[in-house]
Amino acid sequence: MEQQHFTVQGMTCGHCEQAVRQAIRRLDAQAAVQIERSSGRVSVQSSRTRAELAAALADEGYPEQADPDAAG
Ligand SMILES: [Cu+2]
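Since the structure is predicted, the reported quantities are computational estimates derived from the model, not experimental observations.

Student: Could you give me a rundown of the overall build of the protein, with the residues and numbers involved?
Tutor: Counting secondary structure elements, the protein contains two helices and three strands. When the helices and strands of the protein are placed in sequence order, the string is β-α-β-β-α. The globule rule puts the C-alpha radius of gyration for 72 residues at 11 Å, and the 11 Å found for the protein is close to it. Over its C-alpha atoms, taken along the principal directions, the protein stretches across nearly 35 × 25 × 20 Å. In the protein, which comprises 72 residues, the proportion classed as buried is 33%. Of all intrachain contacts in the protein linking residues separated by at least 6 positions in sequence, the fraction that spans at least 24 positions is 66%. Working note: accessible area of the protein is about 4,400 Å², and carbon and sulfur atoms make up 44% of it. Taking the average place of the 7 positive charges on the side chains of the protein and the average place of its 10 negative ones, the gap between the two points comes to 6 Å.

Written out as structure tokens, the structure is:
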């Protein structure tokens, strides 16, 4: 399983953390999820692809923050 890192928008409380965790677990019940709410960091160990995980997060209402290093 691969460790994937995301920085998402909109996590403001414990309920948000739970929603994020459940969105990942719905996609992959075996996933290990670590959340650091203050920075919006979500680390996921899962066999699912990064795109699948990111889509699940966005569908739940926590889209990834735009990468400030990505040009244009
Ligand atoms: Cu919340």
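Student: Describe in detail the coordination of the copper ion, supporting the description with residues and values.
Tutor: For the copper ion, the protein coordination sphere consists of Cys-13 (SG) and Cys-16 (SG), at 2.0 to 2.1 Å. The class for Cys-13 is partly exposed, based on a relative accessible area of 26%.

Student: Which residues make up the pattern of salt bridges, and what values do they have?
Tutor: One pass over the structure, following the stated rule, counts four salt bridges. Ionic pairing is found between Arg-26 and Glu-60, a salt bridge with its closest N-O pair at 3.4 Å. Of this pair, Arg-26 sits in helix 1 (residues 14-27) while Glu-60 sits in helix 2 (residues 50-60), and the two are 34 residues apart along the sequence. Here Arg-48 ties to Glu-52 by a salt bridge, and the two come within 3.2 Å at their closest N and O atoms. Residue class for Arg-48 comes out partly exposed when judged on its relative accessible area of 30%.

Quick notes on the rules
Residues numbered from 1 in each chain as written. Predicted model: local features only at pLDDT ≥ 70, side-chain atom pairs only at ≥ 80, totals over all residues. Heavy atoms only, no water. Helix = DSSP H or I, 4+ residues; strand = E, 2+ residues; numbered from the N terminus. Rg over C-alpha atoms; globule rule 2.2 N^0.38 Å. Buried < 20%, exposed > 50% of the residue type's maximum accessible area, 1.4 Å probe, protein only. Contact = heavy atoms within 4.5 Å. Areas by Shrake-Rupley, 256 points an atom, 1.4 Å probe, with all protein chains shown as cover. Lys, Arg positive; Asp, Glu negative; His and termini not counted. Charge placed at Lys NZ, Arg CZ, Asp CG, Glu CD. Donors = N, O, S within 2.8 Å, 3.2 Å for Na, K, Ca; no water. Salt bridge = Lys/Arg side-chain N within 4 Å of Asp/Glu carboxyl O.

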